[in-house]
Amino acid sequence: MASSALTGKLETDVEIKASPEQFHDMFSNKPHHLHHACNDKIQACDLHEGEWGKVGTIVNWSYVHDGKAKQVKDVIEAVDPDKNLVTFRMVEGDLMEEYKSFVVTLQVSPKSGGSGSGSVVHWTIEYERLHQGIDHPETLLQLAIDVSKDLDAHLTKPI
């Protein structure tokens, strides 16, 4: 099983002040508004096919990673508003030059402890690299963390 060394899974949690519903809504139903919160990272998100927030929808992203403008096209694989979960499978673009498969799932849960408001965003990246010379996507996980913090600041800023 030589390919097993090429597969991986990265996970992280990001604490935010926004509600799980607010954060999930932006990623599932309004990702085209993300650039308002973090235009230095997400430059555009365009609907290619389908409807926002629906499984099977195809979305084109323009983003900046490691200082370079990148593009990726993904398919929404899962949306669960009750669990504030959304899963994207990358199908075309810059990422597919290095990865055979690349799936990003985010799930937002209320902070435990009942100490008031706030949430935890759980990011999971599952991937298979094309070969050993390709880095594990830690910098992409960091991008997800940074986008989470920017979006949280945007969602919770006073009007």
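Predicted, not measured: the structure shown is a model, and the values here were computed from it.

1. A word on the pattern of salt bridges
A full pass over the atoms with the stated rule returns six salt bridges. The salt bridge partner of Lys30 is Asp25, with a shortest N-O separation of 3.0 Å. In this structure Lys30 comes out as partly exposed when scored by relative accessible area, which is 34%. Between Asp40 and Lys41 there is a salt bridge, with the nearest N and O atoms lying 3.0 Å from each other. For Asp40, a relative accessible area of 47% translates into the label partly exposed. Exposure remark for Lys41: the relative accessible area of 13% places this residue in the buried category. What emerges from the salt-bridge pattern is a single network uniting Asp40, Lys41 and Asp150.

Conventions used here
Residues numbered from 1 in each chain as written. Predicted model: local features only at pLDDT ≥ 70, side-chain atom pairs only at ≥ 80, totals over all residues. Heavy atoms only, no water. Salt bridge = Lys/Arg side-chain N within 4 Å of Asp/Glu carboxyl O. Buried < 20%, exposed > 50% of the residue type's maximum accessible area, 1.4 Å probe, protein only.

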